[in-house]
Structures are given as C-alpha cells and as structure tokens.
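Here is what each chain is made of, one letter per residue.
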Amino acid sequence: MIRHQKEVLHGEFGISFLGPEESPRKWLTDVLAIHEKYRMHWNWWNYSGNGISRTGLVAGKTINPLVETLTKFAKMKPPK
C-alpha cells in the first residue's frame, strides 16, 4: 500500500455484536486499528436480518453497542 502509493478500500465487512462478552467489540477495534495504521478506507456492511439483534446499527431507539467503536474510528458523532 504505502510502497506503491495506492489507496486501498476494504469495501464490505461487518460482525454481529451477539458474541461472547467483549469479543465483537475487540474484533472490530482490532480490524479498524489495522485500517487506520495502513490508512485504508473502509465501509461497514451489516448482515441481513431483522432488527438490531442481528447487526443493524439502529432500530427505533435501540442503538447497537458497536456504534461507539465505529464512530471512534470514523470520527463522526454517534446517533442520538
């Protein structure tokens, strides 16, 4: 990436937050830290499913707990 001065886009990735304890947040933090380290662009993609219990970011007034981690790396404000 850096050697050839080309930008890289990781187009689709996602994870269900229904993992044991802090595993999903740890995985997401590790993946996004790699993207940041190598200055890779990324797009979050959610698996299909019904409601936030799968991987949606917001369902009504319920916000996925991974939104906090995503916004930290995306440098944007979380939804209210």
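So, a few notes on the structure that sits alongside this text. Since the model is a prediction, treat every value here as computed from it, not as a measurement. Here the residue numbers are simple positions, counted from 1 along each chain's written sequence. Local features are withheld for residues below a pLDDT of 70 in this predicted model, meaning they are given only at 70 or higher, and side-chain atom pairs are given and counted only at 80 or more; totals for whole chains, interfaces and linings count all residues. Hydrogens and water are ignored here; the side-chain numbers use all heavy atoms of the structure.

### Thoughts on the nonpolar core
Here's step 1: Phe13, Ile15, Leu28, Val31, Leu32, Trp44, Leu66, Leu70 and Phe73 together form the largest nonpolar core, which totals 9 residues.
Here's step 2: Where helices and strands are cited, they refer to DSSP runs of H or I of at least four residues and of E of at least two residues respectively, numbered from the N terminus. Of all the elements in the fold, those that place two or more residues in this core are helix H1 (23–37) and helix H2 (67–74).
Here's step 3: It is H1 that provides the largest number of residues to this core, a total of 3 residues. Joining through side-chain atoms within 4.5 Å is the link that ties buried Ala, Val, Leu, Ile, Met, Phe, Trp, Tyr and Cys residues into a set, and such a set is a nonpolar core. Residue burial is assigned from relative accessible area. The probe radius is 1.4 Å, only protein chains are included, and a residue is buried under 20% of its type maximum, exposed over 50%, and partly exposed in between.

### So, H2
Here's step 1: For H2, the set of buried residues is Val67, Thr69, Leu70, Thr71 and Phe73.
Here's step 2: In this description, contact between two residues means that some pair of their heavy atoms is separated by no more than 4.5 Å. Check the buried side of H2 and you find it contacts H1, strand E2 (41–44) and strand E4 (62–63).
Here's step 3: Just beyond H2, the residue with positive phi is Lys75, at close to 55 degrees.

### Here we look at the side chain of Thr69
Here's step 1: For Thr69, the position within the fold is in helix H2.
Here's step 2: In this structure Thr69 touches Arg25, Leu28, Thr29 and Leu32, once residues within four positions along its chain are discounted.

### Examining the pattern of salt bridges
Here's step 1: A carboxyl oxygen of Asp or Glu within 4 Å of a side-chain nitrogen of Lys or Arg is what we treat as a salt bridge. This model, assessed by the stated rule, comprises 2 salt bridges.
Here's step 2: When the shortest N-O distance is used, the salt bridge between Arg25 and Glu22 registers 3.1 Å.
Here's step 3: With a closest N to O distance of 2.9 Å, Lys26 and Asp30 form a salt bridge. Of this pair, Lys26 and Asp30 are both found in helix H1, 4 residues apart, which corresponds to roughly one turn of the helix.
Here's step 4: Among the residues examined, Asp30 registers a relative accessible area of 35% and is labelled partly exposed.

### Thoughts on the side chain of Thr71
Here's step 1: Among the secondary structure elements, Thr71 is positioned in helix H2.
Here's step 2: Identification of polar contacts relies on pairs of N or O atoms within 3.5 Å, with a donor-acceptor requirement for protein atoms, meaning one able to donate a hydrogen and the other able to accept it, and with residues adjacent in sequence counted only if both atoms are side-chain atoms. Separated by 3.0 Å, the side chain of Thr71 and the backbone oxygen of Glu68 make a polar contact.

### Remarks on the environment of Thr69
Here's step 1: A residue is classified by how much of its surface remains accessible, and Thr69, at 6% relative accessible area, is buried.
Here's step 2: The spatial distance from the C-alpha of Thr69 to the C-alpha of Lys26 is 9.3 Å, given a sequence separation of 43 residues.

### Points about the environment of Leu28
Here's step 1: For Leu28, the location among the structural elements is in helix H1.
Here's step 2: You can call Leu28 buried: its relative accessible area is 0%.
Here's step 3: Distance from Leu28 to Thr69, taken between C-alpha atoms, is 7.5 Å for residues 41 residues apart in sequence.
Here's step 4: Look past the residues within four positions of Leu28 in its chain and what remains in contact with it is Phe13, Trp44, Leu66, Thr69 and Leu70.

Read these as spatial facts, not as claims about activity.
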